[in-house]
Amino acid sequence: MFVKNIMIPKHECITAQANATLKETLELLEKHQIDGIPVLNEEKYLGVATRYKIYESYFLSNQQKDEYLSSTFVKDVVTHQEKFLEGGELFERTLLDLKDFPLLAVVDPKQNFLGIVTRSDVISSFESAFGVNRPGVRIAFTSVETEGRIARLSEIAHQFHEHIISLVTFDETDKLVRRIVMKIEKKDNIDRFTKKLEEHGFRILSIQEDE
């Protein structure tokens, strides 16, 4: 999945224009209960203003709070001027960039603002990949890294009419053994299903039912 698939489009984004004051920007952040906001010069992306950066700049200004917030433009405290996305990136590669920052802007080649990707959106996508929000049974197991193992796993699941909620593999290296976590809907044939997996070389590590 690409960044553009989880991007919040610009018509749904809260933004600030370059000449908005810090006071006006903080009011927007508070009204919408967000930590950061893209700053634009009409349609052009200039950077991101965050609560942290606004308050940091105030503490370093040696001015009265109301005076500083009312007389300073948001364009003067933006960060991430050169840190943005273009939409074609793989979404999982944004996770490190968003680890300590609430959002990244998405722009076109002319720096026109297209939308944002937020940290919470990326985390929600990972939750969906793991089937976090759907009840079921999570089976962790290992398999020898050979061609056709995932296909064989799917065949066995099909034989038992299992509904696979999620399937995630780990250890994408040169190791000979790969860990796999599969989440399926709860049925009364889990014991028979896992026994069949073991007969075909899948070593069960744990079975856990979601509460």
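### Considerations on the side chain of Arg178
In step 1: Relative to the assigned elements, Arg178 resides in strand S9 (residues 177-184).
In step 2: We classify Arg178 as buried; its relative accessible area is 15%.
In step 3: A polar side-chain atom of Arg178 sits 3.0 Å from a polar atom in the side chain of Thr169.

### Quick look at the packing of aromatic side chains
In step 1: Going through the model one piece at a time under the given rule, you end up with 5 aromatic pairs.
In step 2: Seen in terms of ring centroids, Tyr58 and Tyr68 are 6.3 Å apart; in terms of plane orientation they differ by 40°. Their pairing is tilted. Taken as a pair, Tyr58 in helix H3 (residues 51-59) and Tyr68 in helix H4 (residues 65-71) lie far apart in primary sequence, 10 residues in all. The residues Tyr58 and Tyr68 share a single accessibility class, namely buried.
In step 3: Seen in terms of ring centroids, Phe141 and Phe202 are 5.6 Å apart; in terms of plane orientation they differ by 85°. Their pairing is edge-to-face. Here the residue Phe141 occupies a position in strand S7 (residues 137-144), and Phe202 occupies one in the loop between helix H7 (190-199) and strand S10 (203-209), the gap between them amounting to 61 residues. The pair formed by Phe141 and Phe202 is uniform in burial state, with each residue classed as buried.
In step 4: Taken together, Tyr58, Phe59 and Tyr68 form an aromatic cluster joined through their ring pairs.
In step 5: The ring of Phe202 is capped by Arg149, whose NZ or CZ atom sits 4.1 Å from the centre of that ring.

### Observations concerning the confidence of the model for the protein
In step 1: A residue-level look at the protein finds 98% of positions with pLDDT of 70 or above and a mean pLDDT of 90.
In step 2: Least confident of the elements in the protein is helix H5 (residues 119-129), whose mean pLDDT is 81; most confident is strand S2 (residues 16-17), at 98.

### Some words on the sheet that holds S7
In step 1: Spatially, S8-S9-S7-S10 is the arrangement adopted by the 4 strands of the open sheet, whose pairing is antiparallel. Edge strands, defined here as strands with exactly one partner in the open sheet, are strand S8 (164-169) and S10. With direction set aside, neighbouring strand axes in the sheet form an average angle of 15°.
In step 2: Where S8 lies against S9, 5 bridges are found, and the strand directions are antiparallel. Counterpart to Val168 in the pairing with S9 is Val181.
In step 3: In the packing of helix H6 (residues 149-159) onto the sheet, contacts are made with S7, S8 and S9, and the angle to S8 comes to roughly 160°.

What counts as what
Residues numbered from 1 in each chain as written. Predicted model: local features only at pLDDT ≥ 70, side-chain atom pairs only at ≥ 80, totals over all residues. Heavy atoms only, no water. Helix = DSSP H or I, 4+ residues; strand = E, 2+ residues; numbered from the N terminus. Buried < 20%, exposed > 50% of the residue type's maximum accessible area, 1.4 Å probe, protein only. Polar contact = N/O pair within 3.5 Å; in protein donor to acceptor, adjacent residues only side chain to side chain. Phe/Tyr/Trp six-rings, centres within 6.5 Å; stacked < 30°, edge-to-face > 60°. Lys NZ or Arg CZ within 6 Å of the ring centre and 35° of its normal. pLDDT = per-residue confidence, 0-100. Pairing = 2+ DSSP bridges. Axes fitted to C-alpha atoms, helices over the stretch in contact; angles between N-to-C directions. Contact = heavy atoms within 4.5 Å.

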